[in-house]
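Survey of secondary and tertiary structure
Here is how the chains run, residue by residue.
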Amino acid sequence: MGNEQEDKEMEMGSIVVEKVGGRSSVVHCFSRYPVKFIIPKKVGSSRTDVVWVYALNYGGGIVSGDQILCKFSVGDCCTMVLTTQGSTKVYKSVGSKCSKQLLEARVGSNALLAIIPDPVTCFSTARYYQKQVFNVSSNSNLVIVDWITSGRHESGEKWDFDLYRSINNIFLEDGEPLFLDTMSLEKEKIGCIHELVQDYQVIAMILLLGPKLQFVQNLVQDKVKGIMSEQLQHPSGALSHKRNEAGYFISKPSLMASCSVFGTKNQFGHIWLESFYKSIETRGRKTRNANFMISAHSNLYK
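Residues numbered from 1 in each chain as written. Predicted model: local features only at pLDDT ≥ 70, side-chain atom pairs only at ≥ 80, totals over all residues. Heavy atoms only, no water.

Observations regarding the confidence of the model for the chain
Put simply, the rule is: Confidence scores here are pLDDT values: one per residue, from the predictor, ranging 0 to 100. Pairs of residues are marked as contacts when any of their non-hydrogen atoms sit within 4.5 Å.
Mean pLDDT over the chain: 81, with 77% of residues reaching 70 or higher. Considering only residues more than four positions removed or in separate chains, one finds that residues 237–242, a stretch of pLDDT under 50, has 20 contacts.

Concerning the packing of aromatic side chains
Heads up, the condition is: For Phe, Tyr and Trp, rings pair up if their centres lie within 6.5 Å, where Trp contributes its six-membered ring, and each pair is then called stacked (planes under 30 degrees apart), edge-to-face (over 60) or tilted (otherwise). In this description a helix means any DSSP run of H or I spanning at least four residues, a strand means any run of E spanning at least two, and both kinds are numbered starting from the N terminus. Each residue is placed in one exposure class: buried if its accessible area under a 1.4 Å probe, protein chains only, is under 20% of its type's maximum, exposed if it is over 50%, and partly exposed if it falls in between. Geometrically, a charge over a ring is one whose NZ (Lys) or CZ (Arg) sits within 6 Å of the ring centre while staying within 35 degrees of the ring normal.
Counted under the stated rule, the structure contains seven aromatic pairs. Here the aromatic rings of Tyr128 and Tyr164 are separated by 6.0 Å at their centres, their planes lie at 25 degrees, and the arrangement is stacked. Placement of the pair is Tyr128 in strand β12 (residues 127–136) and Tyr164 in strand β14 (residues 163–172), with a sequence separation of 36 residues. Here the two residues Tyr128 and Tyr164 agree in accessibility, since each one is buried. Site record: aromatic cluster; members linked through ring pairs are Tyr128, Trp159, Phe161 and Tyr164. Between the NZ or CZ atom of Arg152 and the centre of the ring of Phe123, over which it lies, the distance is 3.9 Å.

Remarks on the environment of Arg127
Looking at the secondary structure, you find Arg127 in strand β12. A relative accessible area of 17% means that Arg127 is categorised as buried.

Below is the structure:
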């Protein structure tokens with residue numbers, strides 16, 4: 001009972017999408033400070049059955065100590081896209097206060113939910129925690145883009161925040177976990193984040209789930225493997241032929257990407273990832289002209 005009361009107090013927004021007259025429609029929309037939802041009536045072709053939702057924060061970002069909970073429900077055969085109008089700015093922390101943003105979503109049978117926000121940008125000393133939990137059926141469809149930039153370059157800030165933690169969990173209807181992922185960058189535990197990430201300026205994860213996205217899943221896997229195989233096996237300007245005294249390559253690719261499969265066919269994904277990371281390690285640890293790291297996860301379960 002206590003947890004339900006805390007959730008009610010934290011809940012800043014909720015949206016329910018259901019079929020009305022044969023089209024995906026918002027049947028419930030609630031938001032309160034510091035969250036606001038914008039739902040445009042006309043987006044794209046009239047033949048496209050999709051609800052677009054823009055989420056924004058008053059003040060242009062998340063203030064130290066903010067605790068935001070939003071809930072979404074996408075009914076059977078409906079489609080909803082959640083995006084933003086700009087990057088999610090996380091302002092400097094006051095003391096040890098941590099800003100938290102939680103998202104809970106239910107995706108119905110044959111429904112599609114796409115979470116495609118602009119990236120998170122943490123200011124110097126910021127402390128930010130986000131958790132996204134999705135409950136899906138066996139034929140639900142889901143797109144998640146979760147990414148962070150290194151910070152405000154114009155202010156000389158690169159990976160200068162104190163904490164960034166992002167959790168993405170997907171559960172089936174019976175509560176069985178389908179995908180559990182956590183990315184954590186914490187200065188107190190790992191020291192200088194910039195030294196760990198080196199010259200890369202963006203870290204991103206793209207997750208694709210469901211039968212409607214089968215073509216995209218296959219395309220992403222083929223593209224990622226092709227790009228990285230070319231960069232690692234045939235170095236170009238992005239990966240120098242020169243080696244240092246220890247025999248390592250001086251630079252790494254400007255784009256590092258990996259792709260894995262989860263579900264009943266996940267063995268392929270893990271094998272490919274292991275070989276990919278081993279290839280990276282053998283080519284040294286110093287990076288130049290590198291700016292983007294991305295991982296893609298797709299689900300092929302039947």
